[in-house]
Amino acid sequence: MKLIKTEDAVGSVLCHDITQIIPGMVKDAVFRKGHVVTQEDIPVLLSVGKEHLYVWEKQEGMLHENDAAEILRQVCQGDREGSRMKDSEPKEGKIELTAQTDGVLKIDREKLQKVNAMGEMVLASRHGDFPVKKGDKVAGMRVVPLVIEEAKMERVKEICEGGPIFRILPFRKMKAGIVTTGSEVFRGRIEDRFTPVVRAKLEEYGIEVLGNVLSDDRSEMTENAIREWIKKGADMVVCTGGMSVDPDDRTPLAIRNASGEVITYGAPVLPGAMFMLAYQKREKGGDIPVMGLPGCVMYAKRTIFDLVLPRIAAGERLCAEDFYSLGEGGLCLNCEVCTYPNCGFGK
């Protein structure tokens, strides 16, 4: 940086904040570090006693914080038009990304960690694999020093080749069929309290519920009900009840028989350990998720279903590894006042 007369500073970049103090009224920065001085700024600077200013002196191989922040934006957001995120104007080396659609935030965690490990720059975001709404702030980035080595930012580009660090998968328009199992419900001995809960959770993500059918404890009946929903155009099938290991709980068998691939039967999440996910291939291409929900979904505030459903609704095809990673954070504390997702559950 170099010291110059304020009258000669037009077009220069400030190296520090300029503070204005009016006793009893204000004490704040009238200009921030990184501000580009204009002709209109000169009288203001002189009025706060700044006859000389320290400004950034362009050096070969060095980038100003805002120029470097723009590189971070590029690797974090990728193509502006397709990112479904809006970026803020660079300010003091800082840029924020805001969701432009409802969906699930996806993060390339390996790239995120590598960039943060380089130092002199920071990337911070919400938790990945969780739903976001349009207008939500999803990530922020900042270059720490006023200037940074250009070679370092080129290294960032190399690390992040192949795709952006952050993406938003928008929720899809999907249709769901529900199979409500249990002879006690099928024969009308008790009221079906499970289906309304599942319907409400599905509709929360804009999923159209085609309806529900009742099935007794015979696996053949449940299997046929699953197949019928698929024939009727369901994009997913949700089975409720009969998911434990008791001899008369046969929903898992029905799901196995009606599906082409079982991803998991059991998940390291409490409540929700007896959750099941399988996929059946669609005749016209693509896979239809078939889920088996344990009884806890009916009465617990949040369960494994709340962690899986948003990702299914965004069109993700989950694999076994997606469930293995849920163990850390997979314990719901059943707080008297539920603040999910603003808590540690599933994170």
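Our subject is the structure that appears above.
Along each chain, residue indices are assigned from 1 in the same order as the chain's sequence is written. Thresholds applied to this predicted model are a pLDDT of at least 70 for local features of residues and 80 or more for the giving and counting of side-chain atom pairs; totals over whole chains, interfaces and linings are not thresholded and use all residues. Water and hydrogen atoms play no part in the side-chain values, which are based on all heavy atoms of the structure.

## Here's the deal with the overall build of the protein chain
Secondary structure counts use DSSP, requiring at least four H or I residues in a row for a helix and at least two E residues in a row for a strand, with both numbered from the N terminus. Helix and strand counts for the protein chain stand at twelve helices and 19 strands. Radius of gyration: C-alpha atoms only; globule rule: 2.2 Å multiplied by the number of residues to the exponent 0.38. In summary, the protein chain has a C-alpha radius of gyration of 28 Å against a globular reference of 20 Å for 347 residues, an excess of more than 25%. Principal-axis analysis of the C-alpha atoms places the extent of the protein chain at approximately 90 × 45 × 30 Å. For the exposure calls, accessible area comes from a 1.4 Å probe over protein chains only, and a residue counts as buried if that area is under 20% of its type's maximum, exposed if over 50%, partly exposed in between. A buried classification covers 46% of the 347 residues belonging to the protein chain.

## Section: the environment of N66
Relative to the assigned elements, N66 resides in helix α2 (residues 65–77). When the C-alpha atoms of N66 and R199 are compared, they prove to be 48 Å apart, with 133 residues separating the residues in sequence. The residues contacting N66, other than those within four sequence positions of it, are G34, P90, K91, E92 and G93. Contacts are assigned to residue pairs with any non-hydrogen atoms lying within 4.5 Å of each other.

## Details of the sheet that holds strand β14 (residues 175–181)
The mixed open sheet is built from six strands, whose spatial order is β15-β14-β16-β19-β18-β17. Every other strand in the sheet has two partners, leaving β15 (208–215) and β17 (261–265) as the edge strands with one partner each. The sheet shows a mean angle of 15 degrees between the axes of neighbouring strands, direction not considered. Two strands pair when backbone bridges link them, and strand β18 (residues 276–281) and strand β19 (residues 287–293) are joined in this way by six bridges, in the antiparallel orientation. Bridge assignment links Q280 to a residue of β19, and that residue is I288. Every angle, taken between N-to-C directions, lies between 0 and 180 degrees, and every axis is a line fitted to C-alpha atoms, over only the stretch in contact when it is a helix. Its contacts with the sheet put helix α7 (residues 194–204) on β14, β15, β16 (236–240) and β19, and the angle it makes with β14 is roughly 160 degrees. In this fold helix α11 (residues 304–313) packs onto β16, β18 and β19, with an angle of close to 165 degrees to the strand it touches most, β19. Note on pairing: DSSP must find at least two bridges between two strands before they are called paired.

## Comments concerning the pattern of salt bridges
By definition here, a salt bridge exists when the distance from a side-chain nitrogen of Lys or Arg to a carboxyl oxygen of Asp or Glu is within 4 Å. The tally for this structure, following the rule as stated, stands at 30 salt bridges. One salt bridge in this structure joins R302 and D306, with 2.9 Å as the shortest N-O distance. Here the residues in one salt-bridge network are K106, R109, D129, R311, E316 and D322, joined through shared partners.

## With respect to the sheet that holds strand β10 (residues 131–132)
If you trace the three strands from one edge of the open sheet to the other, you get β10-β8-β13, paired in antiparallel fashion. For this open sheet the edge positions go to β10 and β13 (166–170), each flanked by a neighbour on one side alone. Where strand β8 (residues 103–107) lies against β13, five bridges are found, and the strand directions are antiparallel. Within β13, the residue paired with G103 across the bridge is P170.

## Considerations on the packing of aromatic side chains
Put simply, two rings from Phe, Tyr or Trp (the six-membered ring, in Trp's case) pair if the centres are within 6.5 Å, and we call them stacked under 30 degrees between planes, edge-to-face over 60, tilted for the rest. Summed over all chains, the structure comprises four aromatic pairs. Plain terms: the ring middles of F130 and Y340 are 6.1 Å apart, the flat faces sit at 45 degrees to each other, and that makes the pair tilted. Linking F130 in the loop between β9 (121–125) and β10 with Y340 in the segment after α12 (320–324), this pair joins segments that are 210 residues apart in sequence. Overall, F130 belongs to the buried group, its relative accessible area being 9%. Judged by relative accessible area, Y340 falls into the buried class, the value being 14%. One aromatic cluster is present, built from ring pairs that chain together F130, Y340 and F345. Only Lys NZ and Arg CZ are tested; either one counts as a charge over a ring when it is within 6 Å of the ring centre and within 35 degrees of the ring normal. Sitting above the plane of the W229 ring, K232 keeps its charged end 5.3 Å from the centroid.

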